[in-house]
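Spelled out, the chains give:
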Amino acid sequence: VLSSLGRGISLRRSFLGEFSERLVRGDPKLVSSLDWVELVPENFMGRGGKIRRALSPILEAVPVSFHSVSLSIGSVDPLNWEFLSQLREFARNAGVRWVTDHLSYSSVNGVQLNDLLPLPFTKNAVHYVAERIRQVQDYLGVPFGLENPSYYKVMPGAEMPEAEFLSEVLRLSDCRLLLDVNNVYVNCFNHSEDPQRAARRYLREIPLDRITEVHVAGHKPIELGGQIKLLDTHGASVSEPVLGLLRELHQLLPVKTLLLERESQVPPLDSILEEVSGIWEDLVYSPQHYNTHLPQEARI
Amino acid sequence: LRELQERMLQTIFGPLPPTDPALLLYRESIHSSLQETLDLLYSVTRGAYEKTCQNPPWEELGERFISQNWPRDIRLNWAFKNFSEWLPAEPWMKELADYEWSRVF
């Protein structure tokens with residue numbers, strides 16, 4: 001078990017300068033409400049100038065993880081070794097705790113699709129993607145994990161449910177899990193008749209001991225084909241059902257490393273700090289936090 | 001797996017909209033995202049080469065876009081890399097923008 005980092009947020013370029021400046025001067029609100037940050041490395045790799053100047057003090061003072069979006073681990077295209085080479089160098093120089101991406105694909109025949117698309121839940125896909133994961137984590141040389149993605153369509157030919165697919169991929173690749181609780185809820189809402197029950201079942205069917213970090217984010221309801229569906233937008237506060245599911249996860253295994261994602265309609269930094277602090281305190285001051293019957297290595 | 005992914009590519013970029021609402025969602029989401037990205041790339045490039053173009057100053061436009069919505073397309077990420085320094089000196093950028101624009105739309 002790698003992680004016990006506490007509360008974190010994804011570092012957005014819209015508040016990078018403000019974050020860096022407040023960190024350098026020891027702003028009490030920033031320092032007291034945050035333990036670590038995550039960044040999308042593609043946004044920063046190879047960047048110099050003011051972006052590098054703003055990022056440097058953050059990398060020195062705060063635990064950092066990378067959450068990339070371009071790996072396309074499930075694609076039938078060859079792995080992008082140029083990207084992986086730059087990612088490895090950046091990760092080493094930044095001293096990251098770990099690198100994560102998504103259990104999905106985003107390119108076909110060299111065409112970038114600009115979204116994270118779902119894999120079919122088949123044995124063939126399990127073996128294919130597990131082999132690529134092993135190659136990537138061996139190459140990167142830092143702890144590596146994959147996120148359970150949101151998906152709006154179950155690909156044809158499924159031979160197993162999503163939880164089993166995810167579990168098998170993690171087992172065969174010996175890979176860590178970034179569990180996105182919002183994605184669990186969004187997928188269960190969109191693909192089952194009883195989302196709460198389906199989400200609870202999902203949490204009990206995946207290998208929680210592989211979790212490196214937990215994501216929460218906001219989603220947006222839309223009407224699609226006459227039905228209400230949820231879009232994984234990262235553009236709103238975390239919904240109450242997702243917070244409920246997070247509490248449920250915390251009962252199963254204390255959450256020690258939590259990250260709030262906000263990608264669109266990004267509010268002021270202080271609002272994000274207040275939201276993640278509120279979510280964290282809700283967990284920390286819950287009775288489950290003091291649950292000591294689980295061995296240390298079983299905690300998230 | 002390859003057949004499935006190639007079908008998705010065709011679904012997203014092909015001429016006919018899918019009948020499955022879920023796949024239509026992917027198509028619209030990706031088109032919208034790509035259009036935003038390529039629109040900027042195109043505007044930036046055209047703005048850099050065609051001085052009569054009525055775009056906002058391209059550097060300001062690019063910074064604003066990048067701060068709000070960095071594209072996931074790694075190839076376009078590379079295209080934006082350090083653009084404020086070398087974009088005007090790279091004539092192939094306009095060709096790339098024209099090509100991308102015609103290919104996707």
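So, how was this worked out
- Residues numbered from 1 in each chain as written.
- Chains lettered and ligands numbered in written order.
- Predicted model: local features only at pLDDT ≥ 70, side-chain atom pairs only at ≥ 80, totals over all residues.
- Heavy atoms only, no water.
- Helix = DSSP H or I, 4+ residues; strand = E, 2+ residues; numbered from the N terminus.
- Rg over C-alpha atoms; globule rule 2.2 N^0.38 Å.
- Buried < 20%, exposed > 50% of the residue type's maximum accessible area, 1.4 Å probe, protein only.
- Contact = heavy atoms within 4.5 Å.
- Areas by Shrake-Rupley, 256 points an atom, 1.4 Å probe, with all protein chains shown as cover.
- Lys, Arg positive; Asp, Glu negative; His and termini not counted.
- Charge placed at Lys NZ, Arg CZ, Asp CG, Glu CD.
- 1 Å grid on protein atoms, 1.4 Å probe; cavity = no way out; pocket = protein on both sides within 12 Å on 5 of 7 lines; lining within 4 Å.
- Points joined across faces, edges and corners; volume = space filled by probe spheres on them.
- Nonpolar A, V, L, I, M, F, W, Y, C, P; charged D, E, K, R; others polar.
- Expected span 1.5 Å × (residues − 1).
- Axes fitted to C-alpha atoms, helices over the stretch in contact; angles between N-to-C directions.
- Parallel < 35°, antiparallel > 145°, perpendicular 65-115°, else oblique.
- Salt bridge = Lys/Arg side-chain N within 4 Å of Asp/Glu carboxyl O.
- Core = buried A, V, L, I, M, F, W, Y, C linked by side-chain atoms within 4.5 Å.
- Pairing = 2+ DSSP bridges.

Q: I keep staring at the overall build of chain A and nothing clicks. Help me out?
A: If you tally the helices and strands in chain A, you get 10 helices and 12 strands. Radius of gyration (C-alpha) of chain A: 19 Å, near the 19 Å computed for a compact globule of 300 residues. Seen through its principal axes, chain A has C-alpha atoms that stretch 55 × 45 × 45 Å. Put simply, chain A has 300 residues, and 61% of those count as buried. Long-range contacts, defined here as pairs at least 24 residues apart, represent 82% of the contacts in chain A between residues at least 6 apart. Of the roughly 11,800 Å² that chain A leaves accessible, carbon and sulfur atoms contribute 48%. If you average the places of the 30 positive and of the 38 negative side-chain charges in chain A, the two averages end up 2 Å apart.

Q: Teacher, can you tell me more about the overall build of chain B here?
A: Per the secondary structure count, chain B includes 6 helices and 0 strands. Going from N to C terminus, chain B has its helices and strands arranged as α-α-α-α-α-α. Taking all 105 residues of chain B together, the buried fraction comes to 42%. Nonlocal contacts in chain B, meaning residues at least 24 apart in sequence, comprise 49% of its contacts between residues at least 6 apart.

Q: How should I be thinking about empty space enclosed by the protein in this particular structure?
A: Space left empty within the atom packing is revealed by a probe, the size of a water molecule, rolled over the atoms. This structure, assessed with the given rule, holds 3 cavities of 30 Å³ or more. In this structure, the largest cavity spans a volume of roughly 90 Å³. A class-by-class count of the residues in the lining of the largest cavity yields 8 nonpolar, 1 polar and 1 charged.

Q: I tried to follow unusual backbone geometry on my own but got confused; where do I start?
A: Residues and elements named next belong to chain A. The backbone of Asp174 sits at a positive phi, close to 55°, despite the residue not being glycine. Within the fold, Asp174 resides in the loop between α6 (162–173) and β8 (176–180). Its identity is not glycine, yet His234 carries a phi of approximately 55°, on the positive side.

Q: I would appreciate a short explanation of helix α9 (residues 240–252) of chain A in the present structure.
A: An α-helical segment advances 3.6 residues per turn. Residues three or four places apart therefore align on the same side. Residues and elements named next belong to chain A. Taking 1.5 Å as the rise per residue, α9 with 13 residues should run 18 Å; its terminal C-alpha atoms sit 19 Å apart, in good agreement. Every buried residue belonging to α9 is among Val242, Leu243, Leu245, Leu246, Glu248, Leu249 and His250, and all of these are buried. Those residues of α9 hidden inside the fold are in contact with β8, α7 (181–191), α8 (195–205), β9 (211–216), β12 (257–260) and α10 (269–284).

Q: Where do I start with the packing of helix α1 (residues 16–24) of chain A against α10 of chain A in this structure?
A: All names here are of chain A. Between α1 and α10, the least distance of the axes is 10 Å, while the angle of their chain directions is 70°. Here α1 is positioned roughly perpendicular relative to α10, judged by the angle of their axes. Between α1 and α10, the contacting residues are Glu18, Phe19 and Arg22 on the first element and Leu269, Asp270 and Leu273 on the second. Looking at the contact of α1 with α10 residue by residue, the class counts come to 3 nonpolar, no polar and 3 charged.

Q: What exactly am I supposed to notice about the pattern of salt bridges here?
A: Any two side chains of opposite charge can pair, so long as their charged atoms come close to each other. All names here are of chain A. For the structure shown, the criterion picks out 17 salt bridges over all chains. Taking the shortest distance from any N to any O, the salt bridge between Arg204 and Glu248 comes out at 3.3 Å. A residue pair is termed long-range when its members are at least 10 positions apart, and Arg204 in helix α8 and Glu248 in helix α9 qualify at 44 residues. Owing to a relative accessible area of 15%, Glu248 belongs among the buried residues under this scheme. Salt bridges here are not isolated pairs; linked through shared partners, they connect Glu18, Glu21, Arg22, Arg25, Asp27 and Asp270.

Q: I keep staring at the nonpolar core and nothing clicks. Help me out?
A: Where a protein is soluble and globular, its nonpolar side chains tend to be buried together. Residues and elements named next belong to chain A. Counting 103 residues, the largest nonpolar core has Ile9, Phe19 and Phe66 as its most contacted members. No other element matches α10, which puts 8 residues into this core. Setting aside residues no more than four positions away along its own chain, Phe19 makes contact with Ile9, Leu11, Leu30, Leu34, Val37, Ile58 and Leu269.

Q: For this particular structure, what's the right way to read the layout of surface pockets?
A: Residues and elements named next belong to chain A. For the second largest pocket, the calculated volume is near 300 Å³. Elements that contribute at least two residues to the lining of the second largest pocket include exactly α6, α7 and α8. Split by residue class, the lining of the second largest pocket holds 9 nonpolar, 3 polar and 3 charged.

Q: Teacher, can you tell me more about the sheet that holds strand β1 (residues 6–10) of chain A here?
A: The strands making up a sheet associate through backbone hydrogen bonding, with each pair oriented either parallel or antiparallel. All names here are of chain A. Spatially, 8 strands are ordered β1-β2-β3-β4-β7-β8-β9-β12 in a closed barrel, and the strand pairing comes out parallel. Between one strand and the next, the sheet's axes are offset by a mean angle of 25°, whatever the strand orientation. Strand direction decides the pairing type here: β1 and strand β2 (residues 36–39), joined by 3 bridges, are parallel. When the bridges of β2 are listed, Gly8 appears paired with Trp36. This element, helix α4 (residues 81–94), spans β2, β3 (64–67) and β4 (99–102) of the sheet and lies at about 165° to β3. In this fold α7 packs onto β7 (144–147), β8 and β9, with an angle of close to 65° to the strand it touches most, β8.

Shape descriptors only; they carry no functional weight alone.
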